[in-house]
Amino acid sequence: LIVEVPYHLALNVGDTLRQDYYNLDNISDEWDEGDVEDVVQALYFLENFVGGASFDGSYCCRYDEYDEEVDSDYFAPYVSTLPSKPIISTADHNNSYDDEEGLTPDFWSDSTINEIGIPAYSQRIIDRKSILRTIAQNNNVDEGDLQWATFMIRSRRFTTWNMVPDPNNVDDGGPFGALTQKKIEQIQGFLVPLIDMANHNPNPNAVMKISVNKWTRKFDDTSSFALRATRPIRKGEEVTISYGDGSGTCLELLDKYGFFVESDEDGADERGVDLEELKPIWRSSVEEDEVELDRLRGGRDSSSTMSSSSNKLKTIVSRLQDEYTLNFPSVLHGNEELKLIGSGIREKLGINVYAVGMYGSPSLFDAVSPSDLRYKARQFESGTDMTSFVLEMILQAEAKVIAEAIADSVGVRYDGSRLDIEQLEHLIDDGISGKGGQAKKGTTLRFDCTKEGVSLSVDGVERGTVKASGLGKAFVDVYLDNNAVSPSLIDSCIENSSIATNAVIENATESDVEGSASRRTMLSLRIWLKRLKKWTKPEEASVVAVSDEGTVSVEVSDEALPSADSVSDSSDLDADTTEEVGETLAVVEVSIDEVAIESTSDDGSSDDVTVVESTAIESTVLESTPAVEELIEEEPAVVVKPGPEIETVAVSPKIIADIESKLGSGLTDKATSVSFQPKLADGLYLAGVGVRKKAIINVYAVAMYTSPSTLASVATLNKGKDAQAALRDSARRFGPTTPMTSFVLEMTFKADGKTIGEAIGEGVKPRYSGPEGDVKELESLIIEGVKSKGGQATKGTIFRFDCTKDGISVSVDGVSQG
């Protein structure tokens, strides 16, 4: 229980069994009954709970059931906490409300409402305005006051449904009268102080529970409204509820609450956002809407901030790299018509992966906003028929890794054949492989984007072209769309624009920037709906159709290229070839697909670095033992359901011999090249090895050691979640056959003791129900162990964690810490 509000403290604003004496003349039969009822409840709320000189009280309602008026002064403190009424700038109530963030479309001008481009939706909003105006005039109520009250009702009301005795069917007094009396539905609306302050979340941590008299099914003095947690809520965590029963869409959220969620988390794609049914009439493209939205915002939205944990890790890893100075020539080599528009850094968690320079027509200097820049750069028309990107590696990366990363980033933005993306990946892989398989520091990759496709050069040598309509636009989007992988490149381009600053001042007046919230919201909604449904202007359909056919050819230069088969799949992470970092790191290009795990841009991430420890254990001992590859990014940790019951296997000498035979001299983690011995002195056998990755960083290699009984128990299970759960259950049973399970971690990336200690502690915490002090003690053992080595867990430092029913024992480089 979080908070409980007694029934008498809630404001009963609507009741289908209550007779309301309001003048509802001139209410059209075509208007929605629910919309009419909302305004009626708002009128009741005004006259009974708000009061004041604006209302003459001619139609003041009473509770028929209790025959008593409501004391509006009693609720005045609550009413004073509600959002204030929007300011009206003129006497014309049709479209004269000053624009404010968070207002529903009912407050927008008719022209802005119609610009949503969904006629049926717009018409209902305009109908609601007519309903409100009619009822206000009929009942001599200020329209602005009633508009505000209706907003309060629609956005804050809780509705209840009950089957209660029909008040018109009187109990005859017989012994079974109460049981046989006719029941009818009673619908009531309440404003519930305090609870109505909870914000919306599609995955809430709380829910409101309503109690009524279990015999009469009515509200009485024992009734209450309670906000209850649906899962454990941490100190400092916001309490949220869901603003709907699961049937709502983004349009309904905007309709009632003045906002919509730009995410599929609300299931908008499956819950009614059907463009065929809505029949939108849109005349502008997504790009044109984005240009207009940027103009109203006065330029690039830089409101996002990094999370504290992201900042912390950025600070740590950025110290490991020397500062890089951008130094791209002002014109593109071999094509002096293309000028350097801007340059930036592709970074991840403070590590500079590569520098990128964008070259294009001088007309790109006229861009007034990021969206305008993107729109111009991907038009590929006269004057801007090619846009080029030159990448200079700062961090060494393997050919296969960088090829997959770039291809994946383009792929999620490309509507054409997957074959085109595979050809691009193969071209990059082969191009870098021709230089020895590694994109070393200083290697340059040049991508020329046109309406015909994308051409690649590596260190000035042409490698070939992937011809595919639309591929060039998708490549431009990697660096210029809303999820651009190098925000600093966009900032640089806009800063270099010769007219950007003046254009914003001239084209966006103060009222545009500060007083156009409704239009900004309307454009944001329109852009999101178009993107959600992959809508394009009709005249662009032929271009999409061409790419869908997959009629693509690949042109490769005459120079012989080595086969991709000769490229190694593993990264040489032990090679000290990159002096600036001290080790070679795998590079992972951010793509839209990764949004579920981490933000595409570190600058705007709220969850980019959640310090929760997890590992990837790749079992190579028994073919039927599952691969466990999880990256836990959110808390609390997902609870793994118990696996199938497995029998304890008696360990025979033959089983031991089979295990030792398969293990041989041990196992090596492919990603880090770290090897682990097949058996510990305690009689525990190596179950599998893996790597703990964080974005592009291999933090440490990890090995799991367990009993022969556990290994044999899961050997007969098919690979999958059941086997994974069975392995987990057996390894943590801590019985006679498996008294201990151990994890050995070998660092492949330097970290101070406090950082690694807190990271592992945070990984254990959401999975542990005991005292928090236990986790703090575990962190302390790790920190003290590293402190004895000088305070740094350098590359090669080994941690061992022995897990038993009694707790965890910690060793650092073979020295027991407790």
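Residues numbered from 1 in each chain as written. Predicted model: local features only at pLDDT ≥ 70, side-chain atom pairs only at ≥ 80, totals over all residues. Heavy atoms only, no water.

A look at the overall build of the chain
Note the threshold: Elements are defined by DSSP. Helices are runs of H or I of four residues or more, strands are runs of E of two residues or more, and each kind is numbered from the N terminus. Only protein chains enter the area calculation, which uses a 1.4 Å probe; residues under 20% of their type maximum are buried, those over 50% are exposed, and those in between are partly exposed. Residue contacts follow a heavy-atom distance rule, with two residues in contact if any of their heavy atoms lie within 4.5 Å. Here the accessible surface of atoms and residues is derived via Shrake-Rupley with a 1.4 Å probe, and residues count as covered only by protein chains that are part of the display.
For the chain, the count of helices and strands is 24 helices and 30 strands. Counting only residues that meet the buried cut, the chain has 50% of its 818 residues in that class. Here the contacts in the chain between residues at least 6 apart in sequence split such that 71% fall between residues at least 24 apart. Counting every atom, the chain has about 39000 Å² of accessible surface; 49% of that belongs to carbon and sulfur.

Quick word on the pattern of salt bridges
As a reminder of what qualifies: By definition here, a salt bridge exists when the distance from a side-chain nitrogen of Lys or Arg to a carboxyl oxygen of Asp or Glu is within 4 Å.
Counted under the stated rule, the structure contains 32 salt bridges. In this structure, a network of salt bridges that share partners links the residues D32, D35, D38, D106, R124, R128, R154, R157 and D255.

Examining the packing of helix α1 (residues 33–50) against helix α5 (residues 143–156)
Between two packed helices, what matters for the description is the angle formed by their axes and the separation of those axes. Stated formally: Angles run from 0 to 180 degrees between N-to-C directions of axes, and those axes are lines fitted to C-alpha atoms, restricted for helices to the stretch in contact. Convention used here: angles under 35 degrees read as roughly parallel, angles over 145 as roughly antiparallel, angles from 65 to 115 as roughly perpendicular, and any remaining angle as oblique. Think of it as three bins: nonpolar holds Ala, Val, Leu, Ile, Met, Phe, Trp, Tyr, Cys and Pro, charged holds Asp, Glu, Lys and Arg, and polar takes everything else, Gly as well.
Relative to each other, α1 and α5 sit at 105°, their axes nearing to 8 Å. One way to sum up the angle between α1 and α5 is to call them roughly perpendicular. Touching D35, D38, V39, Q41, A42, L43, F45, L46 and V50 of α1 are D145, L146, W148, A149, T150, M152, I153 and R154, all from α5. For the contact of α1 with α5, the class distribution of residues is 11 nonpolar, two polar and four charged.

Focus on the sheet that holds strand β2 (residues 11–15)
Hydrogen bonds between backbone groups are what pair the strands of a sheet, and the pairing can be parallel or antiparallel. Operational definition: When DSSP locates at least two bridges between a pair of strands, those strands are taken to pair.
Here three strands make up an open sheet; going across it, the order is β2-β4-β3 and the pairing antiparallel. Edge strands, defined here as strands with exactly one partner in the open sheet, are β2 and β3 (158–165). Direction aside, the axes of adjacent strands within the sheet are offset by 35° on average. Pairing geometry for β3 and strand β4 (residues 183–191), over eight bridges, is antiparallel. Bridging across to β4, F158 finds its partner in F190. Most of the contacts of α1 go to β2, to which it runs at about 145°, and overall it touches β2 and β4. On top of the sheet, α5 reaches β2, β3 and β4; it is set at about 115° to β4, its chief contact.

Re the packing of aromatic side chains
By convention here, two paired aromatic rings are described through the distance between centres and the angle between planes. Under the convention used in this document: Under the pairing criterion, centres of Phe, Tyr and Trp rings, with the six-membered ring standing for Trp, must be within 6.5 Å; the plane angle then separates stacked pairs below 30 degrees from edge-to-face pairs above 60, leaving the rest tilted.
In this structure the tally under the stated criterion is 18 aromatic pairs. Here F475 and Y479 contribute two aromatic rings whose centre-to-centre distance is 6.0 Å and whose plane-to-plane angle is 40°, an arrangement assigned as tilted. A residue pair is termed a helical-turn pair when its members lie 3 or 4 positions apart in one helix, as F475 and Y479 do in helix α14 (residues 471–480) at four residues. Residue Y479 is classed as buried on the basis of its relative accessible area, which comes to 1%. By the ring-pair criterion, three or more aromatic residues cluster together here, those being Y44, F45, F49, F75 and W148.

Things to note about the nonpolar core
Cut-off, in case you're wondering: Only buried residues count toward a nonpolar core. Its members are Ala, Val, Leu, Ile, Met, Phe, Trp, Tyr and Cys residues joined through side-chain atoms within 4.5 Å.
Ranked by size, the top nonpolar core spans 47 residues in total, and within it F389 and Y479 carry the most contacts. One finds L103, I135, V141 and M152 within the second-largest nonpolar core, a separate group that totals 31 residues.

Some remarks on unusual backbone geometry
The bulk of non-glycine residues show a negative phi, and the bulk of peptide bonds are trans. The phi torsion at S673 lies on the positive side, around 65°, for a residue other than glycine. Inspection of the secondary structure assignment puts S673 in the loop between β21 (667–668) and β22 (675–676). Overall, S673 belongs to the partly exposed group, its relative accessible area being 33%. Phi at D813 takes a positive value of approximately 50°, unusual for a residue other than glycine.

Side note on the confidence of the model for the chain
Quick note on the threshold: Every residue carries a pLDDT, the predictor's confidence in it, which falls somewhere between 0 and 100.
Here the chain averages 74 in pLDDT, while 71% of its residues score no lower than 70. Every residue in residues 52–68 is under pLDDT 50, and counting partners more than four places away or in other chains gives 35 contacts. In this model residues 89–96 is a low-confidence stretch, pLDDT under 50, and it forms 13 contacts with partners more than four residues away in sequence or in other chains.

Brief notes about the sheet that holds strand β7 (residues 224–229)
With antiparallel pairing, the three strands of this open sheet are ordered in space as β1-β7-β6. Both outer strands of the open sheet, β1 (3–6) and β6 (206–211), are each paired with one neighbouring strand and no more. Within this sheet the neighbouring strands show an average axis-to-axis angle of 20°, counted without direction. Alignment of β1 against β7, held across four bridges, turns out to be antiparallel. Residue E4 lies in a different strand from β7, and its bridge partner there is A226.

Digging into the packing of helix α4 (residues 119–138) against α5
Defined as follows: The sense of a crossing depends on the near helix, which, turned anticlockwise from the far helix by less than a right angle, makes the crossing left-handed and, turned clockwise, makes it right-handed.
The N-to-C vectors of α4 and α5 enclose an angle of 125°; their axes lie 10 Å apart at closest approach. Regarding the angle of α4 to α5, the classification is oblique. Of the two elements, α4 crosses α5, and the hand of that crossing is right-handed. Seen from α4, the contacting residues are R128, L132, R133, I135 and A136; seen from α5, they are E143, L146, Q147, T150 and R154. In the contact of α4 with α5, the residues fall into four nonpolar, two polar and four charged.

Some remarks on the pairing of strand β16 (residues 453–458)
Counting buried residues along β16, five of its six residues qualify, which places the element largely inside the surrounding structure. Summarising the sheet, strand β15 (residues 444–450) and β16 pair through six bridges and their orientation is antiparallel. Paired with C449 across the strands is V454, a residue of β16. Counting the residues that bridge the hairpin from β15 to β16 gives two residues. Strand direction decides the pairing type here: β16 and strand β17 (residues 461–467), joined by six bridges, are antiparallel. Within the sheet, the bridge partner assigned to S457 lies in β17 and is E462.

Examining the side chain of S492
Tracing the sequence through the fold places S492 in helix α15 (residues 487–496). Discounting chain neighbours no more than four positions away, the residues touching S492 are I341, G342 and S343.

Here we look at the environment of P678
As for its position among the elements, P678 is in the loop between β22 and β23 (685–694). Leave out the neighbours within four places in its chain, and P678 touches L663, G664, S665, G666, L684, Y685, L686 and Y705.

Concerning the environment of S433
So the rule is basically this: Identification of polar contacts relies on pairs of N or O atoms within 3.5 Å, with a donor-acceptor requirement for protein atoms, meaning one able to donate a hydrogen and the other able to accept it, and with residues adjacent in sequence counted only if both atoms are side-chain atoms.
Within the element layout of this structure, S433 appears in helix α13 (residues 418–433). Between the C-alpha atom of S433 and that of K400, which follows or precedes it by 33 residues, the distance is 8.4 Å. A polar contact is formed between the side chain of S433 and the backbone oxygen of D429, at a distance of 2.7 Å.

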